Amino acid sequence: MTRSLHLWRKQEKLTQVEAAMLLGISQPYFSLLEKGVRPLTKRLRYLMKATAPGRALPSSKENRFRAELSALGYPGFAHIAPARNKRSADALLMSVLNEYDADPRVADALPWLVHRFAAEMNFPSMVHQAKLRNLQNRLGFVLQVSGADSPELNEAIR
């Protein structure tokens, strides 16, 4: 099956990074699949068949989020070229939370973002913005999962 994965990628004229994004996995994991080190799952076979003709690559907004997370040091996107202009961590967090259907790999990075940059974040402003945009449940979930603990955060949540 590894041969067919490689052939699929070549027929679709995709790089490993593009193919991995299309399947919702990391490029290093895709490489392991292509080499036969990891088994190709039924789910990935299904996605290969389902996405081949229409090839819905990530939007430019999703790519921008990945590049911005890479620029902030997120290890999950270390293989992606970092964005030239760094946005503040709280602005990036609010932008991703505002997306109706954010990429799951980007959403997975949000607790890391809060935990890593908690000391620099303006929690009262973020809570206010979340309430205005009806994002308080999403923000609360990310804050809780992050395990971040700071006096500003505790005050903002009250």
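Residues numbered from 1 in each chain as written. Predicted model: local features only at pLDDT ≥ 70, side-chain atom pairs only at ≥ 80, totals over all residues. Heavy atoms only, no water.

Visitor: I'm lost on the packing of aromatic side chains in this one. Help?
Guide: The geometry of two aromatic rings is summed up by the distance between their centres and the angle between their planes. All told, the structure shown has 3 aromatic pairs when counted by the stated rule. Measuring from centroid to centroid gives 6.1 Å for tryptophan 112 and phenylalanine 117, while their planes differ by 85 degrees, and the two rings are edge-to-face. Taken together, the aromatic side chains of Tyr74, Phe77, Trp112 and Phe117 make up a single cluster linked through ring pairs. Lying across the ring of phenylalanine 117, arginine 116 places its NZ or CZ 4.7 Å from the centre. (Phe/Tyr/Trp six-rings, centres within 6.5 Å; stacked < 30°, edge-to-face > 60°. Lys NZ or Arg CZ within 6 Å of the ring centre and 35° of its normal.)

Visitor: In this structure, what is going on with the nonpolar core? I would like to understand it.
Guide: In a soluble, globular protein the nonpolar side chains are often hidden away together inside. Ranked by internal contacts, the top residues of the largest apolar core, which has 29 residues, are Leu69, Leu93, Leu97, Leu113, Val114, Met121 and Leu139. The set of elements that each furnish at least two residues to this core consists of α5 (60–71), α6 (89–97), α7 (104–117), α8 (123–132) and α9 (136–146). Those residues in contact with leucine 93 that sit more than four places away from it in its chain are Leu110, Leu113, Val114, Met121, Met126, Leu139 and Val142. Of all hydrophobic cores here, the second largest spans 14 residues; its members include Ala19, Ile25, Phe30 and Leu44. (Core = buried A, V, L, I, M, F, W, Y, C linked by side-chain atoms within 4.5 Å. Buried < 20%, exposed > 50% of the residue type's maximum accessible area, 1.4 Å probe, protein only. Helix = DSSP H or I, 4+ residues; strand = E, 2+ residues; numbered from the N terminus. Contact = heavy atoms within 4.5 Å.)

Visitor: Would you explain the packing of helix α2 (residues 16–23) against helix α3 (residues 27–35) in this entry?
Guide: Each pair of packed helices can be summarised by the angle the axes make with each other and by the distance between the axes. Close contact between α2 and α3 brings their axes to 8 Å; oriented N to C, the two are set at 100 degrees. One finds that α2 runs roughly perpendicular with respect to α3. Residue-level contacts link Gln16, Val17, Ala19, Ala20 and Leu23 of α2 to Gln27, Phe30, Ser31 and Glu34 of α3. When its residues are assigned to classes, the contact of α2 with α3 shows 5 nonpolar, 3 polar and 1 charged. (Axes fitted to C-alpha atoms, helices over the stretch in contact; angles between N-to-C directions. Parallel < 35°, antiparallel > 145°, perpendicular 65-115°, else oblique. Nonpolar A, V, L, I, M, F, W, Y, C, P; charged D, E, K, R; others polar.)

Visitor: Which parts of the structure should I look at to understand the side chain of glutamine 27?
Guide: As for its position among the elements, glutamine 27 is in helix α3. Overall, glutamine 27 belongs to the buried group, its relative accessible area being 19%. Glutamine 27 has contacts with Gln16, Val17, Ala20 and His79, leaving out every residue within four places of it along the chain.

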